[in-house]
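Fold and geometry: a report
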Amino acid sequence: MVFAEAGRAALPVRFDDCRDIVIHETTDPNVIIVEYELVGTVTTTGVSAAAPFIGVLKVRGRQIAHWREYQNTSAIAQALRQQ
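Below: a short report on this structure.

**Thoughts on the nonpolar core**
Residues Val34, Tyr36, Ala51, Phe53, Leu57 and Ala75 constitute the largest nonpolar core, which totals six residues. Looking at this core, the elements that each hand over two or more residues are β2 (31–42) and β3 (48–60). At three residues, β3 tops the list of elements feeding residues into this core. Setting aside chain neighbours within four positions, we find Tyr36 in contact with Cys18, Arg19, Asp20, Ile21, Ala51, Pro52, Phe53, Gly55, Trp67 and Glu69.

**Digging into the environment of Gly55**
Structurally, Gly55 can be placed in strand β3. With a relative accessible area of 0%, Gly55 lands in the buried category. Linking Gly55 and Val34, residues 21 residues apart in sequence, is a C-alpha distance of 5.2 Å. Setting aside chain neighbours within four positions, we find Gly55 in contact with Ile32, Ile33, Val34, Tyr36, Trp67, Arg68 and Glu69.

Quick notes on the rules
- Residues numbered from 1 in each chain as written.
- Predicted model: local features only at pLDDT ≥ 70, side-chain atom pairs only at ≥ 80, totals over all residues.
- Heavy atoms only, no water.
- Core = buried A, V, L, I, M, F, W, Y, C linked by side-chain atoms within 4.5 Å.
- Buried < 20%, exposed > 50% of the residue type's maximum accessible area, 1.4 Å probe, protein only.
- Helix = DSSP H or I, 4+ residues; strand = E, 2+ residues; numbered from the N terminus.
- Contact = heavy atoms within 4.5 Å.

Okay, here's the thing in structure tokens:
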């Protein structure tokens with residue numbers, strides 16, 4: 001997603017892995033719920049950490065029409081504070 005590149009470039013994090021992916025079935029065939037964990041390294045400290053995410057995607061015509069993501073912001077903040 002091009003619009004997110006500038007924000008990502010400002011983060012001192014290199015994303016190393018996306019793991020523990022679980023896709024949940026819903027009663028709506030156009031809605032997908034996915035859980036995953038992003039693993040990254042804080043480039044300023046070398047500390048590696050992981051944080052869980054949940055994504056709710058709405059699909060229209062075989063394309064993603066809407067993506068809402070829920071992040072564990074306290075886990076992210078803690079990883080960024082570790083020195």
